[in-house]
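Inside the fold
Take a look at the letters that make up each chain.
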Amino acid sequence: MNNLSRTHQRRPQVWAVGGGKGGTGKSLVAASLGIHLSQMGRRVILVDGDLGAPNLHTVLGLDPPALALSDFVKRRFESIETVVSETGVPRLSLVSGARNSLDIESLKHFQKTRLLRVLMSLPTDVVLLDLGAGTSLNVLDLFSLADRGLLVILPEPTSVENCYRFLKAAFLRRLHHLGRTLGYQSIIDLVMEHRDLADDGRPTEILEEIARVDSSAAEALSSHVEAFVPHLVMNQVRSHEDEVLGESMEWVSERFIRIPVRFAGAIPYDTTLVQCVKGRKAYLAEYPRTRTAEMLRAVAESVLAPRAASLRPFPGPWVAGAEAYRALDLRPGAAQDEILNSYTRLRRTLRSDSPALAPLDCEPERRATAAEVENAYRTLSRNLSSTAPRPGGLNLPAQVHRFRRGVSPTV
């Protein structure tokens, strides 16, 4: 998906920028992504999908356009292109929500369906939705049905907790839509009604229960479910600990929640951003050479890049110690320094005070996983030791020996 073809593209890619908590900078990220993509030569239409508190025009430094999204939703105009306005940035347009009618927050299902269908028919390369905060059905529907979803969060406990909650809700909403589209809604309703008595469960567990009812339904749904891989953006980063939190959440989400996400990047905190909003200026256009601007562009490139193949399951022939590599989130045959780096990273993630795990009620699983990581590291260390040159002892970094003597982070 790196090169969006204008001549052969059937429809635009739809990107949705959301998150579980307000005030994380979603509009700034959405505006910056739109500016960067347009500077790369893509045609982009930004859509202010925050139906309750739209302010995308302000982040772009624009006055409220005369027409808004609700003018189309309420059928005052039959074509959505009527409410598309220019932004002053070449190839970048805007569907504003600044003058939305107050009752647009409660979109009916047929209105959302019509809106998505029309957005996917626009003559552009990318439709970029800036969604509101929270887990309302409007937000979840637009996020779960997009081609690319971005979750913008802050390195704060409340934001991390809301991110996990949003992920689960968005996945379940996607499953609901798939059931309706593919004709398996009754089976999904049956399974979810049973699970309502306890917990919504993890995606893999839900699919396993669906398989027990109808194996063909589970097979049809699983291929579509696997395409749900949101991108995580850590905003307002002030330290190295804030940055690695995003990496930790990527692993925790896949291992503990069973919903894969991809860490797209960490955006440094910059006081100039606040001044840009106050001065009604688009940050990326005004300050293109800052570290923050560089990372905003890197996020766009990360989302554009084709999805990397999952580390699980391992392809090809069986490899000695394969389960140990799996436990350390590595491919079989990883180099010595890769093993050590992954071990160090996972130990940090699995600490009892880990901010990536704090919102989850998973202490028994955390301890079991930490033990699994320790055993895997010992196994791979022995394998490496047996094949390493021995003229002056083991050819392993000093840090490895420190870990073996027990000088390591607390689990």
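Residues numbered from 1 in each chain as written. Predicted model: local features only at pLDDT ≥ 70, side-chain atom pairs only at ≥ 80, totals over all residues. Heavy atoms only, no water.

**Concerning the environment of P355**
Our working rule: Here a strand is any run of E in DSSP of at least two residues, a helix any run of H or I of at least four, and the numbering for each starts at the N terminus. By the convention used here, residues are in contact when the closest approach between their heavy atoms is within 4.5 Å.
Examined against the element boundaries, P355 turns out to sit in the loop between α15 (336-349) and α16 (363-387). Linking P355 and M249, residues 106 residues apart in sequence, is a C-alpha distance of 8.9 Å. Once residues lying within four places of it in the same chain are set aside, the contact partners of P355 are V160 and L245.

**Concerning the nonpolar core**
Filter applied, for reference: Within this scheme, the nonpolar core is defined by two criteria: the residues are buried Ala, Val, Leu, Ile, Met, Phe, Trp, Tyr or Cys, and they are joined through side-chain atoms within 4.5 Å. Exposure is judged per residue with a 1.4 Å probe applied to protein chains only, and the accessible area is read against the type maximum: over 50% gives exposed, under 20% gives buried, and values in between give partly exposed.
Within the largest apolar cluster, 83 residues are counted, with the highest numbers of intra-cluster contacts made by I80, L129, Y164, I210, M249 and L328. Ranked by residue count, the leading element in this core is helix α6 (residues 157-182), at nine residues. Those residues in contact with M249 that sit more than four places away from it in its chain are I153, V160, C163, Y164, L232, M234, V261 and A356.

**Points about the confidence of the model for the chain**
As a reminder of what qualifies: The predictor attaches a confidence to each residue, called pLDDT, with possible values from 0 through 100.
Mean pLDDT over the chain stands at 84; residues scoring 70 or higher make up 85%. Note that pLDDT drops below 50 for residues 310-319; the model gives that stretch 18 contacts with residues more than four away or on any other chain. This stretch, residues 389-411, has a pLDDT under 50; its non-local contacts, to residues over four places away or in other chains, come to 38 contacts.

**Details of the sheet that holds strand β5 (residues 126-131)**
What counts is decided by this rule: When DSSP finds at least two bridges between two strands, those strands are taken to pair. Axis lines are fitted through C-alpha atoms, for helices just across the contact stretch, and the angle between N-to-C directions can take any value from 0 to 180 degrees.
Spatially, β3-β4-β2-β5-β1-β6-β7-β8 is the arrangement adopted by the eight strands of the open sheet, whose pairing is mixed. One side of each edge strand has no neighbouring strand; the edge strands of this open sheet are β3 (84-86) and β8 (262-268). Strand-to-strand twist across the sheet, computed as the mean angle between neighbouring axes with direction ignored, equals 25°. Both strand β1 (residues 13-18) and strand β6 (residues 148-153) contribute to a ladder of four bridges, which runs parallel. Across the sheet, G18 pairs through a bridge with L151, a residue of β6.

**Thoughts on the side chain of S144**
Using the following cut-off: Pairing of N or O atoms within 3.5 Å defines a polar contact, subject to two protein rules: one partner must be a possible hydrogen donor and the other a possible acceptor, and residues neighboring in sequence count only if both atoms are side-chain atoms.
Inspection of the secondary structure assignment puts S144 in helix α5 (residues 137-144). Of the polar contacts made by the side chain of S144, one reaches the backbone oxygen of L140; its length is 2.8 Å. Here the side chain of S144 touches D141 through a polar contact of 3.4 Å, landing on its backbone oxygen. Ignoring sequence-local partners within four residues, the contact set of S144 consists of A170, R173, R174, H177 and F228.

**Focus: the packing of helix α8 (residues 203-213) against helix α9 (residues 215-225)**
As a reminder, the rule being used: We call two directions roughly parallel when the angle between them is under 35 degrees, roughly antiparallel when it is over 145, roughly perpendicular when it lies between 65 and 115, and oblique otherwise. Residues are grouped as follows: Ala, Val, Leu, Ile, Met, Phe, Trp, Tyr, Cys and Pro are nonpolar; Asp, Glu, Lys and Arg are charged; all remaining types, including Gly, are polar.
Axis separation between α8 and α9 bottoms out at 6 Å; the angle between their running directions is 150°. The angle between α8 and α9 falls in the class roughly antiparallel. For the pair α8 and α9, contact is made by L207, I210, A211 and V213 and by S215, A217, A218, L221, S222 and V225, respectively. Taken together, the residues that form the contact of α8 with α9 break down as eight nonpolar, two polar and no charged.

**Things to note about the packing of aromatic side chains**
Quick note on the threshold: Two rings belonging to Phe, Tyr or Trp (six-membered ring only in the last case) form a pair when the distance between their centres is within 6.5 Å. Interplanar angles under 30 degrees mark stacking, angles over 60 mark edge-to-face geometry, and anything in between is tilted. The rule is short: NZ of Lys or CZ of Arg within 6 Å of the ring centre and within 35 degrees of the ring normal puts a charge over the ring.
Per the stated rule, a full pass over the model turns up five aromatic pairs. Ring plane angle 10° and centroid distance 3.9 Å describe the contact between Y343 and Y377, whose orientation is recorded as stacked. You can see Y343 sitting in helix α15 and its partner Y377 sitting in helix α16, a full 34 residues away along the chain. Of note, R114 hangs over the ring of F72, and the distance from its end group to the ring centre comes to 4.1 Å. The ring of Y269 carries the charged tip of R238 above its face, separated from the ring centre by 3.9 Å.

**Focus: helix α1 (residues 26-39)**
Heads up, the condition is: What a helix should span is 1.5 Å times the count of its residues minus one.
Here α1 contains 14 residues, and its C-alpha end-to-end distance of 20 Å stays within 8% of the 20 Å for a straight helix at 1.5 Å per residue. Within α1, 13 of the 14 residues are buried, which leaves the element mostly enclosed by the surrounding structure. At the C-terminal side of α1, G41 shows a positive phi close to 105°.

**Side note on the pattern of salt bridges**
Quick note on the threshold: The working definition used for a salt bridge is a side-chain nitrogen of Lys or Arg within 4 Å of a carboxyl oxygen of Asp or Glu.
Per the counting criterion, the structure on display carries 18 salt bridges. One salt bridge in this structure joins D141 and R173, with 2.5 Å as the shortest N-O distance. In this pair, D141 is assigned in helix α5 and R173 in helix α6, connecting sequence segments 32 residues apart. Across the pair E254 and R262 runs a salt bridge, and its minimum N-O distance is 3.8 Å.

**Brief notes about the pairing of β8**
Filter applied, for reference: The definition of a right-handed crossover adopted here requires that, viewed with the strands pointing away, the path from the first strand over the helix to the second runs clockwise.
With six of seven residues buried, β8 is to be regarded as a mostly interior element. Relative to β8, strand β7 (residues 231-237) runs parallel, the two sharing five bridges. Within the sheet, the bridge partner assigned to L232 lies in β8 and is F263. For the handedness criterion, the β-α-β arrangement of β7, helix α10 (residues 240-257) and β8 is classed as right-handed.

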